[in-house]
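Results of the structural survey
Spelled out, the chains give:
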Amino acid sequence: MKILVAMEVNDVHKDWLRQAAGNNEFVYLPVQGPVSAQASEEELADADIIIGNIAPELLRHAPRLRWLQLNSAGANTYCQEGILSENVQLTNATGAYGLAIAEHLTGLVMAMMKKLYAYYDNQKAACWHDEGQVASVYGASVLIIGFGDIGREFGKRMKAMGAHVIGMRRRSGSVPPEADEMGTMDRLDEYLGKADIVASSLPDTPATYHLFDQDRFAAMKQGAYFLNVGRGTNVVQEALCQAVQRGHLAGAAVDVTDPEPLPPDNPMWHTRGIYITPHISGGYHLQATHDTIVRIAAENLKHFLSGQPLQNVVDRMTGYKK
């Protein structure tokens, strides 16, 4: 079999993959960072397996493809009709990003609640000024919408700091140790009104498009904080700006926007109380994330070649891991 590696890997990563693959042939594409790789029609023509995110429109040139292992957790673009044939197995990298993104979220929460952004602005202006009262995670109600790997890791940290953690999923189920209670999406508005901190890690699906609109922000508790590390398309950005500008929300931090990159003239850049990072909470910014992605791929490679079930199989109807 020919295995096309369409993600950035180092020599250690290559050893892990070789140990899993036996005598099967590898072709490594030149890739910088966690991006959708480009490949020639010749490289794709005889690929049986692809490891990494290949540009979706190129997959029509891979007639022999039997399995695509993504280096991302998000899989929605690969689930669209006409991208992959039904006989191609699709798996993602769920489980790799929780550590990095949960720590990023925790940093954002603390920076907003302790007014560290304001104090940093004061420092740049050489201004010695007391910014007044701050808020605490201890005793706060934290609503985490999308309680998968990222949500659970963030919930674990918030719970350890004394918060009451509410996780939200599409379907009801038992309460995991990282939460104090669980809710379902049909009760979203009810839970929004209870939360001091609302964090979203939802993927880009038809069901999540513009989920957070003017009505949803109005449903949030006065003085709440909003964070989004899911997808920018989950949020009506104008409505978020308005909610922060009028003081209904105490602050908002987003690592994802619509579009990306966010144009320089977008009002969100200049809305006081909104803090933007350029989609860097995940990716390969933490080495442990990159290593885990390759370990998931190597383990799945062993399973695929021995005819065992794969981990992280994607449900193409929802875009989520099954």
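Below or above, wherever it landed, is the structure these notes cover. (Residues numbered from 1 in each chain as written. Predicted model: local features only at pLDDT ≥ 70, side-chain atom pairs only at ≥ 80, totals over all residues. Heavy atoms only, no water.)

1. As for the overall build of the chain
As a reminder of what qualifies: Helix numbers and strand numbers start at the N terminus; a helix is a DSSP run of H or I with at least 4 residues, a strand a run of E with at least 2. With the radius of gyration taken over C-alpha atoms, the globule rule is written as 2.2 Å times the number of residues to the power 0.38. Contacts between residues were defined by any pair of non-hydrogen atoms, one from each residue, lying within 4.5 Å. Using a 1.4 Å probe, the Shrake-Rupley method yields the accessible areas, and only the shown protein chains count as cover for residues. In this count, Lys and Arg are taken as positive residues and Asp and Glu as negative ones, while His and the chain termini are left out. Taken as the charge centre is NZ of Lys, CZ of Arg, CG of Asp or CD of Glu, depending on the residue.
Helix and strand counts for the chain stand at 9 helices and 12 strands. Its C-alpha atoms give the chain a radius of gyration of 21 Å, near enough to 20 Å, the size a compact globule of 322 residues would have. Dimensions of the chain, computed from C-alpha atoms along their principal axes, come out at roughly 65 × 45 × 35 Å. Relative to all contacts within the chain whose residues are 6 or more apart in sequence, the contacts with residues 24 or more apart total 57%. Taken as a whole, the chain presents about 15400 Å² of accessible surface, with 51% of it coming from carbon and sulfur. Across the chain, the centroid of the 28 positively charged side chains sits 6 Å from that of the 36 negatively charged ones.

2. A closer look at the nonpolar core
Nonpolar side chains tend toward joint burial in soluble globular proteins. We apply this condition: Residues grouped as a nonpolar core are buried Ala, Val, Leu, Ile, Met, Phe, Trp, Tyr and Cys residues, joined through side-chain atoms within 4.5 Å. Note on exposure labels: buried denotes an accessible area under 20% of the residue type's maximum, exposed denotes more than 50%, and partly exposed covers the range between, all computed with a 1.4 Å probe on protein chains only.
Among the nonpolar cores identified, the biggest contains 48 residues, and Ile3, Met7, Leu17, Ile51, Phe154, Leu227 and Leu301 are the most heavily contacted of them. Apart from the residues lying within four places of it in its own chain, the contact partners of Phe154 are Ala102, Leu105, Thr106, Val109, Val142, Ile144 and Ala199. Grouped together as the second largest cluster of nonpolar side chains are 28 residues, Ile145, Leu188, Ala224 and Ala243 included.

3. Examining the sheet that holds strand β3 (residues 49-51)
Worth spelling out the cut-off: When DSSP finds two or more bridges between a pair of strands, those strands are recorded as paired. To get an axis, fit a line to the C-alpha atoms, keeping to the stretch in contact for a helix; angles then go from 0 to 180 degrees between the N-to-C directions.
Within the open sheet, the 5 strands sit side by side as β2-β1-β3-β4-β5. Their pairing is parallel. In this open sheet, the two edge strands, each paired with only one partner strand, are β2 (25-28) and β5 (89-91). Across the sheet, the mean angle from the axis of one strand to that of its neighbour is 15°, orientation sign disregarded. Where strand β1 (residues 2-5) meets β2, 4 bridges bridge the pair, whose relative direction is parallel. Residue pairing across strands places Ile3 opposite Phe26, the latter belonging to β2. In this fold helix α1 (residues 11-21) packs onto β1, β2 and β3, with an angle of close to 150° to the strand it touches most, β2. Packing against the sheet, helix α9 (residues 287-305) makes contact with β1, β2, β3, β4 (67-69) and β5, and its axis sits at approximately 165° to β4.

4. A closer look at the sheet that holds strand β10 (residues 224-228)
Spatially, 7 strands are ordered β8-β7-β6-β9-β10-β11-β12 in an open sheet, and the strand pairing comes out parallel. Each end of this open sheet is capped by a strand with a single partner; those strands are β8 (181-184) and β12 (274-276). When strand polarity is set aside, the average angle formed by the axes of neighbouring strands in this sheet is 15°. Those strands touched by helix α8 (residues 237-245) are β10, β11 (249-254) and β12, and its axis lies near 145° from that of β11.

5. Examining unusual backbone geometry
Here the residue pair Asp258 and Pro259 is connected by a cis peptide bond, since its omega of 5° sits within 30 degrees of zero. As for its position among the elements, Pro259 is in the loop between β11 and β12. Despite not being glycine, Ala126 has its phi angle at roughly 50°, a positive value. Take Ala126: it is sitting in the loop between α4 (116-124) and β6 (141-145). Unlike most non-glycine residues, His279 shows phi in positive territory, near 55°. Checked against the element boundaries, His279 lands in the loop between β12 and α9. In this structure His279 comes out as partly exposed when scored by relative accessible area, which is 34%.

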